[in-house]
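Commentary on secondary and tertiary structure
Listed below are the residues making up each chain.
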Amino acid sequence: MSRTLILTRHAKSSWDDPLQPDHARPLNKRGRTAARALGGWLETRGYLPQELLCSSAARTRETWARMRLLPQEQRYEDSLYLAGPDTLLQVLHTAQAATVMLIAHNPGIATLASLLASTTPKHPRFFDYPTGATTVFQFDQATWGDVRFGTGQVIDFVVPKEIDT
């Protein structure tokens, strides 16, 4: 049975309040629009997550909420907040559903995307993974616990600027 991973960096966050803790920063207007557009893009293409793994930060939670997708299982993990690729992969290993969405932060998520890909897309923004960047991977592994770096086939990649809103 193949597995599908939707790997998303949170949408653009607000810096309006310089005293606000980083973990509590919400999305700005552009980020809210981008998150809705990403949700529509995923739905139109049939990339519907059955399970969500999401950083507990406000901006990742809001990105998810504005996508308006409804998986059966949703987990908000403190360990995904500003996590590196090894931690992100460890949390992914605990997933159960065939199609999983993971929403987290740079630089960890960009590094994870490049490490998971057996062949990276020729998109100019793939390696810097701007806010809202989303990669859809296919894996041939039987369980998420079997997924290793270099085993994911990239089947799609998008940044919010490329989506018609």
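Structural data are supplied above this passage.
These remarks concern the structure in this document. Please read all numbers here as calculations on a predicted model, not as lab measurements. Residue indices follow the written sequence of each chain, beginning from 1 at its first position. Local features are withheld for residues below a pLDDT of 70 in this predicted model, meaning they are given only at 70 or higher, and side-chain atom pairs are given and counted only at 80 or more; totals for whole chains, interfaces and linings count all residues. Excluded from the side-chain calculations are hydrogens and water; all other atoms, namely the structure's heavy atoms, are used.

**Brief notes about unusual backbone geometry**
In this model, Asn106 is joined to Pro107 through a cis peptide bond whose omega is 5°. Here Pro107 lies in the loop between β4 (99-104) and α4 (108-116). Residue Leu82 is not a glycine yet carries a positive backbone phi of 55°. We count a stretch as a helix when DSSP gives it H or I for four or more residues in a row; a strand needs E for two or more, and each element gets its number in order from the N terminus. Within the secondary structure, Leu82 is located in the loop between β3 (73-77) and α3 (85-92). Think of it in three bands: residues with accessible area under 20% of the maximum for their type are buried, residues over 50% are exposed, and the middle band is partly exposed, with areas taken using a 1.4 Å probe on protein chains only. A residue is classified by how much of its surface remains accessible, and Leu82, at 47% relative accessible area, is partly exposed.

**Comments concerning the packing of aromatic side chains**
For any pair of aromatic rings, the description rests on two quantities: the centre-to-centre distance and the angle between the ring planes. Paired rings are identified among Phe, Tyr and Trp, the last through its six-membered ring, by centres lying within 6.5 Å, and are further divided according to the angle between planes into stacked (under 30 degrees), edge-to-face (over 60) and tilted (the rest). Counted under the stated rule, the structure contains seven aromatic pairs. With 5.8 Å between their ring centres and 50° between their planes, Trp41 and Tyr47 make a pair best called tilted. Exposure remark for Tyr47: the relative accessible area of 15% places this residue in the buried category. Judged by centre distance (5.8 Å) and plane angle (70°), the ring pair of Phe139 and Trp144 falls under edge-to-face. Over the ring of Trp15 we find Arg25, and its NZ or CZ is 3.6 Å from the ring centre. When the ring centre of Tyr76 is taken as origin, the NZ or CZ atom of Arg61, which lies over that ring, is 4.0 Å away. A ring is considered to have a charge above it if a Lys NZ or an Arg CZ atom is located within 6 Å of its centre and within 35 degrees of its normal.

**Regarding the pairing of β4**
When you tally the buried positions in β4, you get six out of six residues, the bulk of the element. Alternating positions in β4 separate into two faces, Thr99, Met101 and Ile103 on one and Val100, Leu102 and Ala104 on the other, with burial throughout. DSSP-based pairing: two strands are paired if at least 2 bridges between them are found. Note that strand β1 (residues 3-9) and β4 share six bridges and pair parallel. Residue pairing in the sheet places Leu5 in a bridge with Val100 of β4. Where strand β2 (residues 51-55) and β4 come together, four bridges link them in parallel fashion. Along β4, the bridge assignment pairs Glu51 with Val100.

**Considering the pattern of salt bridges**
By definition here, a salt bridge exists when the distance from a side-chain nitrogen of Lys or Arg to a carboxyl oxygen of Asp or Glu is within 4 Å. Per the stated rule, a full pass over the model turns up seven salt bridges. We note a salt bridge from Arg75 to Glu51, for which the minimum N-O separation is 3.4 Å. Residue Arg75 is found in strand β3, and its partner Glu51 is found in strand β2; the two are separated by 24 residues along the sequence. For Glu51, a relative accessible area of 3% translates into the label buried.

**What about the packing of α3 against α4?**
Geometrically, a packed helix pair is captured by the angle between its two axes and the distance between the axes. Two elements in contact, α3 and α4, have axes separated by 8 Å at closest approach and are oriented at 70°. In this view, α3 runs roughly perpendicular relative to α4, as classed from their interaxial angle. Contacts from Pro85, Leu88 and Leu89 in α3 reach Gly108, Ile109, Thr111, Leu112, Leu115 and Leu116 in α4. In this count, Pro and Cys sit with the nonpolar residues alongside Ala, Val, Leu, Ile, Met, Phe, Trp and Tyr, while Asp, Glu, Lys and Arg are called charged and the others, Gly among them, polar. In terms of residue class, the contact of α3 with α4 is made up of seven nonpolar, two polar and no charged. Between N-to-C directions, angles span 0 to 180 degrees; the directions come from axes that are lines fitted to C-alpha atoms, helices contributing only their stretch in contact. Orientation is classified from the angle alone, with under 35 degrees giving roughly parallel, over 145 giving roughly antiparallel, 65 to 115 giving roughly perpendicular, and any other angle giving oblique. Should any heavy atoms of two residues lie within 4.5 Å, those residues are counted as being in contact.

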